[in-house]
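Fold and contact review
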Protein chains: 2
Amino acid sequence: MHTVESVFETLPDFADLDGGVTRQVASFSRIAEVRGETMIFQQGSAPDALRYLVGGKAALTQRASDGTRVIIDLALPVSGLVVASVLAGTPYLMTAEALTAAAVLEIAAEPLRRLMATTPSLATAMLRRVSLDSRSATSQVLDLKLRTAAQRLGCYLLALAREPAGNGADFDLPVPKNVLAGQLGCRFENLSRAFALLREVGVETHGSKITLHDIASLRVYAVPSDVGGAEPRRPGPSEAARAFSRAFKL
Amino acid sequence: MHTVESVFETLPDFADLDGGVTRQVASFSRIAEVRGETMIFQQGSAPDALRYLVGGKAALTQRASDGTRVIIDLALPVSGLVVASVLAGTPYLMTAEALTAAAVLEIAAEPLRRLMATTPSLATAMLRRVSLDSRSATSQVLDLKLRTAAQRLGCYLLALAREPAGNGADFDLPVPKNVLAGQLGCRFENLSRAFALLREVGVETHGSKITLHDIASLRVYAVPSDVGGAEPRRPGPSEAARAFSRAFKL
């Protein structure tokens, strides 16, 4: 069972704040329990609350040009849902839908903005969240512009092969292939083509089971970058937040 | 000739700030005059200043996987250069290069962060800038994931045809085609292919001259979205800033 208080303790974005500030934010927050396959918010609507997924799974989707709904990304706890739109006061660019029963922390936007306007530590904490999201989105733009779908898939697989045994690795894909296609930014049929291309550099697949036979060749092919691209899309709060804290001497 | 004082008067990001705060920021700012074809900052380096291009033209570039330098975007005055990296204290994701003689406002990062930590109006102003940048980057991600290169080109041309005469429009491309390819996220040869595909929906090209013969058909083909996609990449400060000001009751 999630309570507002227990949830704030687990939110990295609020970890450096004074207890008094967090309690003020908690006073206009609530936990919404959402059933599976329910919409959390809709593309084009005006954000009324800053939302964090704190339990369950959600998908961020958008209508494609042919009218079909496309999964753009998967959200897992704990993650802010399109935070920049809330803070900018601009309409949501995407729809968020609970895929399973989910718990969502809702921080009312109006009093949050008022409190930020007088509390620099809170404004700075939100600035950190949005700066990291912005950097992550920019890194995705670069990835989409500079790499082919097969290279993006290669970088994704290399990032999953955390502790390779020598030049090889075995693991399961953590998401279904239709979600993976959305995350990588290609159509489902192009994902199959990308997997076929990667066979040449030792990538073997059986359903969701992946074997990398030649990590060195895959690396040459996919060219993960040292800055941005190869890391998982959402930089873990730890490393990125540490960099920010260093910068702000928090 | 640019002076720090005259430049701050033209910066939308600082327009709503108290004169005293702006003067403090100006006290640790300077104008750098940069020659053409000079690097402003380099991908991977740690940002030491928040930079705004205030005169001339600059390109944001990144090394592609084959080692070549690819133009990702063009910067025109007045625009912040990768603001999120500076505020997050994380390495630059891109290189900025002056294409022509350029003037760059440099706000030292260290004292800026210190001042933000005690001045909520400044933190909120920076939060606005980064939220709008983040939204713009997310909108680009969606565009790259959901549209083909030909559809992206179509949306770009529709956005340029501001005042169509009936169902047609005539105009010049505002940037060279290699820059356009980078902005749209396709290779130069794919841009030619995209223009060829658009011939079917009445797009005629002679060098940089564009004629749209059938805007209605182009619109059906490219499907510009009501939220995000079809608008020019960088939302003008006016409209987006107004939304933010409304949200924050500034």
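Residues numbered from 1 in each chain as written. Chains lettered and ligands numbered in written order. Predicted model: local features only at pLDDT ≥ 70, side-chain atom pairs only at ≥ 80, totals over all residues. Heavy atoms only, no water.

**Observations regarding the interface of chain A and chain B**
Counted only if it meets this: Contacts: residue pairs with any heavy atoms within 4.5 Å of one another. When two parts are put together, the accessible area they lose, computed with a 1.4 Å probe and summed over both, is reported as buried area. Throughout this description, the term salt bridge denotes a Lys or Arg side-chain nitrogen within 4 Å of a carboxyl oxygen of Asp or Glu. Identification of polar contacts relies on pairs of N or O atoms within 3.5 Å, with a donor-acceptor requirement for protein atoms, meaning one able to donate a hydrogen and the other able to accept it, and with residues adjacent in sequence counted only if both atoms are side-chain atoms. Each helix corresponds to a stretch of at least 4 residues labelled H or I by DSSP, and each strand to a stretch of at least 2 residues labelled E; elements are numbered beginning at the N terminus. Classes in brief: Ala, Val, Leu, Ile, Met, Phe, Trp, Tyr, Cys and Pro nonpolar; Asp, Glu, Lys and Arg charged; the others, Gly included, polar.
Of the residues lining the interface, 58 residues belong to chain A; the matching set on chain B comes to 57 residues. Together, the buried faces of chain A and chain B total about 4,800 Å²; carbon and sulfur atoms form 69% of this surface. The largest share of the area that chain A buries against chain B comes from Leu-93, Lys-145 and Leu-146 of chain A, three residues that together contribute 15% of it. For the pair chain A and chain B, the interface holds zero salt bridges. Across the chain A-chain B interface, the total number found is 12 residue pairs in polar contact (both at pLDDT 80 or more). Elements with a minimum of two residues in the side of chain A that touches chain B: β4 (58-63), β5 (69-75), α3 (83-88), α4 (109-116), α5 (120-146), α7 (177-184) and α10 (237-248) of chain A. With 20 residues, the single largest contributor to the side of chain A that touches chain B is α5 of chain A. Classifying every residue of the side of chain A that touches chain B by side-chain character gives 30 nonpolar, 19 polar and nine charged.

**Quick look at the nonpolar core**
The cut-off we apply is this: By nonpolar core is meant a set of buried Ala, Val, Leu, Ile, Met, Phe, Trp, Tyr and Cys residues that side-chain atoms within 4.5 Å join together. When accessible area is computed with a 1.4 Å probe and restricted to protein chains, residues below 20% of their type maximum are described as buried, those above 50% as exposed, and intermediate ones as partly exposed.
One finds Phe-14 and Ile-107 of chain A together with Phe-14 and Ile-107 of chain B to be the most contacted residues of the largest nonpolar core, which totals 102 residues. With near-sequence residues (within four places) excluded, Phe-14 of chain B lies in contact with Phe-8, Thr-22, Val-25, Tyr-52, Ile-107, Leu-122 and Met-126 of chain B. If you look at the next biggest cluster of nonpolar residues, it comprises 29 residues, including Leu-74, Leu-157, Ala-169 and Val-203 of chain B.

**Description of the sheet that holds strand β11 (residues 209-212) of chain A**
In sheet architecture, strand pairing relies on hydrogen bonds along the backbone and comes in two forms, parallel and antiparallel. All names here are of chain A. Short version of the rule: In short, DSSP must find at least two bridges between two strands for them to pair. Only the stretch in contact is used when fitting a helix axis, every axis being a line fitted to C-alpha atoms; angles between N-to-C directions are given from 0 to 180 degrees.
The sheet built from three strands is open, its strands ordered β9-β11-β10 with antiparallel pairing. Looking at which strands have only one partner, the edges of the open sheet turn out to be β9 (169-172) and β10 (203-206). Averaged over all pairs of adjacent strands, the angle between their axes in this sheet comes to 15°, without regard to strand direction. Here four bridges tie β9 to β11, and the two strands are oriented antiparallel to one another. The partner of Ala-169 across the bridge, within β11, is Leu-212.

**Some details on the relation of the copies chain A and chain B**
Keep this limit in mind: When the copies are superposed, the least-squares fit draws on C-alpha atoms of residues that have pLDDT of at least 70 in both.
Superposing chain A onto chain B requires a rotation of 180° together with a translation of 0.0 Å along the rotation axis, leaving an RMSD of 0.0 Å. Seen this way, the second copy is the image of the first under a two-fold rotation axis. Comparing contact sets, 98% of the residues at the interface of chain A also lie at the interface in chain B, consistent with an isologous, same-surface contact.

**Things to note about the confidence of the model for chain A**
Residues and elements named next belong to chain A. Keep this limit in mind: Predictor confidence is given residue by residue as pLDDT, running from a minimum of 0 to a maximum of 100.
This prediction gives chain A a mean pLDDT of 86; 88% of its residues lie at or above 70. The least confident element of chain A, judged by mean pLDDT, is α10 at 41; the most confident is strand β8 (residues 102-108) at 97. Taken together, the stretch residues 227-250 has pLDDT below 50 and engages in 52 contacts with residues farther than four places along the chain or on a different chain. The ipTM for the predicted assembly is 0.80, set against a pTM of 0.82.

**Notes on unusual backbone geometry**
In this structure, the amide linkage connecting Pro-77 of chain A to the following residue, Val-78 of chain A, adopts the cis form with an omega of -10°. Note that Val-78 of chain A resides in the loop between β5 and β6 (79-80). Even without a glycine there, the phi angle at Val-82 of chain B is positive, about 50°. Relative to the assigned elements, Val-82 of chain B resides in the loop between β6 (79-80) and α3 (83-88). Under the relative-accessibility criterion, Val-82 of chain B is labelled buried at 15%.

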